[in-house]
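Architecture at a glance
What follows is each chain in one-letter form.
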Amino acid sequence: MLTTTGAFSGYSADDTERLAVFYRDTLGLDVRDAGMGGIIALHVTGGAPIIVYPKGEDHVPASYTVLNLEVADIDQAVAELAEAGVELIRYEGSGQDEHGVMRSTDPAEGPTIGWFADPAGNIISLIEG
């Protein structure tokens with residue numbers, strides 16, 4: 001059996017300095033220098049830090065959601081993002097509304113959710129909960 005002392009998640013970016021500004025100033029997250037060659041650490045409520053490491057020109061954005069941010073009011077969060085110039089991603093056939101939010105009235109069908117990309121092209125979701 002594997003014995004662990006903790007766990008954390010991470011993903012890459014082409015420019016972590018630019019992402020630090022986006023995550024801190026646009027999203028309001030607690031961003032810290034991890035002290036390891038350009039790696040930044042996102043400290044979010046209720047969990048271990050998430051690291052974002054520099055990959056430079058070899059970076060390819062993830063084609064899936066790398067970070068899920070829970071929000072109490074998705075409409076307010078979407079409006080705040082829009083004010084900051086961040087638009088939600090539209091997925092054809094997903095049933096998203098005019099704001100880009102996919103709404104569910106049945107929890108078995110999934111959460112009320114919307115997606116946007118960070119400046120490195122990685123996909124982040126807003127989940128109302």
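Everything in this summary refers to the structure shown in the same document.

The rules behind the values
- Residues numbered from 1 in each chain as written.
- Predicted model: local features only at pLDDT ≥ 70, side-chain atom pairs only at ≥ 80, totals over all residues.
- Heavy atoms only, no water.
- Core = buried A, V, L, I, M, F, W, Y, C linked by side-chain atoms within 4.5 Å.
- Buried < 20%, exposed > 50% of the residue type's maximum accessible area, 1.4 Å probe, protein only.
- Helix = DSSP H or I, 4+ residues; strand = E, 2+ residues; numbered from the N terminus.
- Contact = heavy atoms within 4.5 Å.
- Arc of directions from axis to C-beta.
- Polar contact = N/O pair within 3.5 Å; in protein donor to acceptor, adjacent residues only side chain to side chain.
- 1 Å grid on protein atoms, 1.4 Å probe; cavity = no way out; pocket = protein on both sides within 12 Å on 5 of 7 lines; lining within 4 Å.
- Points joined across faces, edges and corners; volume = space filled by probe spheres on them.
- Nonpolar A, V, L, I, M, F, W, Y, C, P; charged D, E, K, R; others polar.
- Pairing = 2+ DSSP bridges.
- Axes fitted to C-alpha atoms, helices over the stretch in contact; angles between N-to-C directions.

1. A short note on the nonpolar core
- In this structure, Tyr23, Leu27, Leu42, Phe116 and Leu126 are the most contacted members of the largest nonpolar core, which totals 29 residues.
- Sorting the residues of this core by element identifies strand 1 (9-13), helix 1 (16-26), strand 3 (40-43), strand 4 (50-54), strand 5 (65-71), helix 2 (74-83) and strand 7 (123-128) as the ones contributing at least two each.
- Other than its neighbours up to four places away in sequence, Leu27 contacts Phe22, Leu69, Leu81, Phe116 and Ile124.

2. Looking at helix 2
- For helix 2, the set of buried residues is Ile74, Ala77, Val78 and Leu81. Looking straight down helix 2, one finds its buried side chains confined to an arc of 100°; they lie on one side.
- Residues of helix 2 that are buried make contact with strand 5, strand 6 (113-117) and strand 7.
- Where helix 2 begins, the side chain of Asp73 points an oxygen toward the backbone nitrogen of Asp75, at a separation of 3.0 Å.
- Downstream of helix 2 by one or two residues, Gly85 has phi in the positive range, about 85°.

3. Brief notes about the layout of surface pockets
- The space that makes up the largest pocket amounts to roughly 450 Å³.
- What lines the largest pocket is a set of 19 residues, and nearest its centre among them are Leu27, Leu29, Leu69, Glu70 and Val71.
- Of all the secondary structure elements, the ones that give two or more residues to the lining of the largest pocket are strand 5 and helix 2.
- Of the residues contributing to the lining of the largest pocket, the split by class is nine nonpolar, six polar and four charged.

4. Brief notes about helix 1
- All of the buried residues along helix 1 are Thr16, Leu19, Ala20, Phe22 and Tyr23. Seen end-on, helix 1 carries its buried residues on one side only, within an arc spanning 165°. Seen from the open side of helix 1, the exposed residues pointing more than 90 degrees away from its buried face are Glu17 and Asp25.
- As for helix 1, its buried residues are in contact with strand 1, strand 2 (30-33), strand 3, strand 4, strand 6 and strand 7.
- The N-cap residue of helix 1 is Asp15: its side-chain oxygen and the backbone nitrogen of Glu17 are 3.1 Å apart.
- Positive backbone phi, approximately 75°, marks Gly28, located one or two places after helix 1.

5. Describing the sheet that holds strand 5
- Read across the sheet, three strands follow the order 5-7-6 without closing on themselves; strand pairing throughout is mixed. Either end of the sheet is taken by a strand with one partner, and the two such strands are strand 5 and strand 6. When the angles between neighbouring strand axes are averaged without regard to direction, this sheet yields 25°.
- When strand 5 meets strand 7, the two strands line up parallel, connected through six bridges. Each residue of the ladder has a partner; that of Leu69, found in strand 7, is Leu126.
- Here helix 2 sits on the sheet and contacts strand 5, strand 6 and strand 7; the angle it forms with strand 7, its principal contact strand, is near 145°.

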